[in-house]
Amino acid sequence: SQKIEQNSEALNIQEGKTATLTCNYTNYSPAYLQWYRQDPGRGPVFLLLIRENEKEKRKERLKVTFDTTLKQSLFHITASQPADSATYLCALDSSGTYKYIFGTGTRLKVLA
Amino acid sequence: DTAVSQTPKYLVTQMGNDKSIKCEQNLGHDTMYWYKQDSKKFLKIMFSYNNKELIINETVPNRFSPKSPDKAHLNLHINSLELGDSAVYFCASSLSGGGYEQYFGPGTRLTVT
């Protein structure tokens, strides 16, 4: 069956360290994979998109990797700050349709 | 200048009632979506419209009926509300195709008592 899994436990890290979040999927062949941030009581906010033929994408302190062989994406936040504390969701398109499937999200807490 | 807006933000109603949630986007996008986020925070797509045409209908009970009067609006009407419909409903929009980010509204928290 099709599945998208993210770290189900909350991730606590110390300010200034690099946070690494994982998104694993099975039985999908996505052309695109996206990462979103969601704060409590708010809608998700888009962060980064990576295409199947790209290995890595960066934006300021954020970096995403996409390994279609391992069926995994890693999301890194370098020099993390307490303001980075939020839930991070990965989403992948289902075979190039208009349909994005979201993972369950990982709650990140950056400790001052 | 809100990009994607939803009304109302909160909706408390009794079982069996009918309610509607409205969504509007001013981004010029041609694809709009409804998502449901349950108490475990799992975000699940319900419907998608492209240029006012329904293109995704994800095994949602037919008590839920989306309507898109134009490309900028996508409303969700729910008949005969049930306890299990309690959730946060998000509207989103994007350009067409899979390679574009989605812009989400602030959500509507629906509580059915």
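Our subject in this report is the structure included herewith.

Criteria and thresholds
Residue numbers run consecutively from 1 along every chain, following the written order of its sequence. Labels are handed out in written order, letters beginning with A for the chains and numbers beginning with 1 for the ligands. Note on the predicted model: pLDDT of at least 70 is required for a residue's local features to be given, and 80 or more for side-chain atom pairs to be given and counted; whole-chain, interface and lining totals, by contrast, use all residues. Only hydrogens and water are removed before side-chain values are computed, so all heavy atoms of the structure are retained for them. Under the DSSP-based scheme used, a helix requires at least four consecutive residues in state H or I and a strand at least two consecutive residues in state E, with every element numbered from the N terminus. What the globule rule says is 2.2 Å times the number of residues to the power 0.38, and the radius of gyration is computed from C-alpha atoms. Think of it in three bands: with a 1.4 Å probe and only protein chains considered, a residue is buried below 20% of the maximum accessible area for its type, exposed above 50%, and partly exposed in between. By definition, residues are in contact when any of their heavy atoms lie within 4.5 Å. Under the convention used here, a 1.4 Å probe and the Shrake-Rupley method define accessible areas, while residue burial counts only the protein chains that appear. None of His or the chain ends enter the tally, which takes Lys and Arg as positive and Asp and Glu as negative. By convention, charge coordinates are those of NZ in Lys, CZ in Arg, CG in Asp, or CD in Glu. Whether two strands pair comes down to DSSP finding at least two bridges between them. Residues enter patches when their relative accessible area tops 30% and they take part in no salt bridge; the joining distance is 9 Å for like charges and 5 Å for the nonpolar side chains Val, Leu, Ile, Met, Phe, Trp and Tyr. When a carboxyl oxygen of Asp or Glu is within 4 Å of a side-chain nitrogen of Lys or Arg, the pair counts as a salt bridge.

Let us look at the overall build of chain A. Within chain A one finds zero helices and 11 strands. Ordering the α and β elements of chain A from the N terminus gives β-β-β-β-β-β-β-β-β-β-β. Taken over the C-alpha trace, chain A has a radius of gyration of 13 Å; the compact-globule value for 112 residues is 13 Å, and the two agree within 12%. Projected onto the principal axes, the alpha-carbon positions of chain A cover approximately 40 × 30 × 20 Å. Across the 112 residues of chain A, 45% fall into the buried class. Of all intrachain contacts in chain A linking residues separated by at least 6 positions in sequence, the fraction that spans at least 24 positions is 54%. On chain A, roughly 5,700 Å² of surface is accessible, and the fraction owed to carbon and sulfur atoms is 46%. Positive and negative charge centroids in chain A, built from 15 and 11 side chains respectively, lie 2 Å apart.

Residues and elements named next belong to chain A. Relative to strand S7 (residues 62–67), strand S6 (residues 56–59) runs antiparallel, the two being bridged by four bridges. Note that in S7 the partner of Arg 58 across the bridge is Lys 63. Hairpin connection of S6 to S7: two residues between the antiparallel strands, including Glu 60 at a positive phi of 55 degrees. Bridge count for S7 against strand S8 (residues 72–77) is six bridges, and the pairing is antiparallel.

Before going further, it helps to examine a positive patch on the surface. On the surface, a cluster of positive charge is contributed by Arg42(A), Lys9(B), Lys41(B) and Arg109(B). Mapping Lys41(B) onto the fold places it in the loop between strand S4 (31–37) and strand S5 (43–50).

Limitation: the analysis is restricted to geometry and does not speak to function.
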